[in-house]
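Below, each chain spelled out in residue letters.
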Amino acid sequence: MPDLKLHQERLPGGIAYIEAEGFLDAHTFEEMENLISSVFRQNVYKLIVKLEKLDYISSAGAGVFVGAIGRAKENRGDIVFLKPSPNVKEVFDLLGLSAIFQFADTRDEAVTCF
Amino acid sequence: MDDAEKITLAVPRRTQHLSLVRKVVATSAVEAGFAPDEVDKIELAVDEAVSNAMLYAEPTEPRQIVVQVHPGPERFVIVLKDGGPPFPFEEKGQIVLEQQLRSPERGGLGIYIIRQFMDEVAYEYSARDGNVITMTKRVPAAAR
């Protein structure tokens, strides 16, 4: 099983929906960074990232989202996290990211965050 | 520290081995009696220290880093030795979180996490071992 598994689809309203599974750490963060860059290159700046099956995140992984949200907001977009697992949410809380990002419990709710 | 109980792991300086380091540290922390959320914190703190040693190394630095776990009855101690040239650990760790989150420079967040999640963190440099980071978590009384 790969360390990080990413799945992407497009939702109506110009929203990219990304599901992340596994570990987002110093080894895998570039995969997430590359995926978000490719979404931005398509002029899509509204992102929903489902983190329910993400078992682990370190600062290298969190840094990807910190680096991306500025560019998303500059282009009238945003990044919404869907159902982060408790240990991932704890890292977000510690790093103060919970005050910067929006969180949602369902995909329908996430769509309304933009 | 009782060296008879010490676990020593020498790993290539490649991030693909981070998950192995995490597994060894987490397993040792469970055996030492830490609750699951404390195990997560120890695992993350060590990951951050090892990640920094792997990501910010110069090509000329030794190709292996050493992680030692000392599971003492009262103190669970992890020592990281990277064999590299001095790293401004204290300076990098002096971050203002809000500014750091808006800064493109990375590395400081990891040290911030280490300091938040461990009870004691000590840094020293020696010509033999390079940067040595000693991270300590007190073992809960109920587990002793």
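This text gives an overview of the structure that appears in the document. All figures in this text were calculated on a predicted structure; none of them were measured in a lab.

Focus: the sheet that holds strand β3 (residues 46–57) of chain A
Residue and element names in this part refer to chain A.
Next up, step 1: Spatial ordering of the open sheet is given by β1-β2-β3-β4-β5, a layout of 5 strands whose pairing is mixed. The sheet is open, and its two borders are formed by β1 (4–11) and β5 (102–104), each paired with just one other strand. When the angles between neighbouring strand axes are averaged without regard to direction, this sheet yields 25°.
Next up, step 2: Of the strand pairs in this sheet, strand β2 (residues 15–24) and β3 are connected by 9 bridges, and their pairing is parallel. Counted as the bridge partner of glutamate 19 is lysine 50 from β3.
Next up, step 3: Along the sheet, helix α3 (residues 86–94) contacts β3, β4 (78–82) and β5; its crossing angle with β3, the most-contacted strand, is approximately 110°.

Quick word on the sheet that holds strand β2 (residues 64–71) of chain B
Residues and elements named next belong to chain B.
Next up, step 1: The strand order β1-β2-β3-β5-β4 describes an open sheet built from 5 strands, whose pairing is antiparallel. Where the open sheet ends on each side, the last strands, each with one partner, are β1 (7–12) and β4 (120–126). Direction aside, the axes of adjacent strands within the sheet are offset by 15° on average.
Next up, step 2: Here β4 pairs with strand β5 (residues 130–138) via 7 bridges, running antiparallel. Of the residues in β5, the one forming a bridge with serine 126 is glycine 130.
Next up, step 3: Together, β1, β2 and β3 (75–81) form the strand contacts of helix α1 (residues 18–31), whose direction differs from that of β1 by roughly 165°.

Considering the pairing of β2 of chain B
All names here are of chain B.
Next up, step 1: Pairing of β1 with β2, which is carried by 6 bridges, proceeds in the antiparallel orientation. Counted as the bridge partner of threonine 8 is glutamine 68 from β2.
Next up, step 2: Both β2 and β3 contribute to a ladder of 6 bridges, which runs antiparallel. Residue pairing for β3: valine 67 is matched across the bridge by leucine 80.

About the thresholds
- Residues numbered from 1 in each chain as written.
- Chains lettered and ligands numbered in written order.
- Predicted model: local features only at pLDDT ≥ 70, side-chain atom pairs only at ≥ 80, totals over all residues.
- Heavy atoms only, no water.
- Pairing = 2+ DSSP bridges.
- Helix = DSSP H or I, 4+ residues; strand = E, 2+ residues; numbered from the N terminus.
- Axes fitted to C-alpha atoms, helices over the stretch in contact; angles between N-to-C directions.
- Contact = heavy atoms within 4.5 Å.

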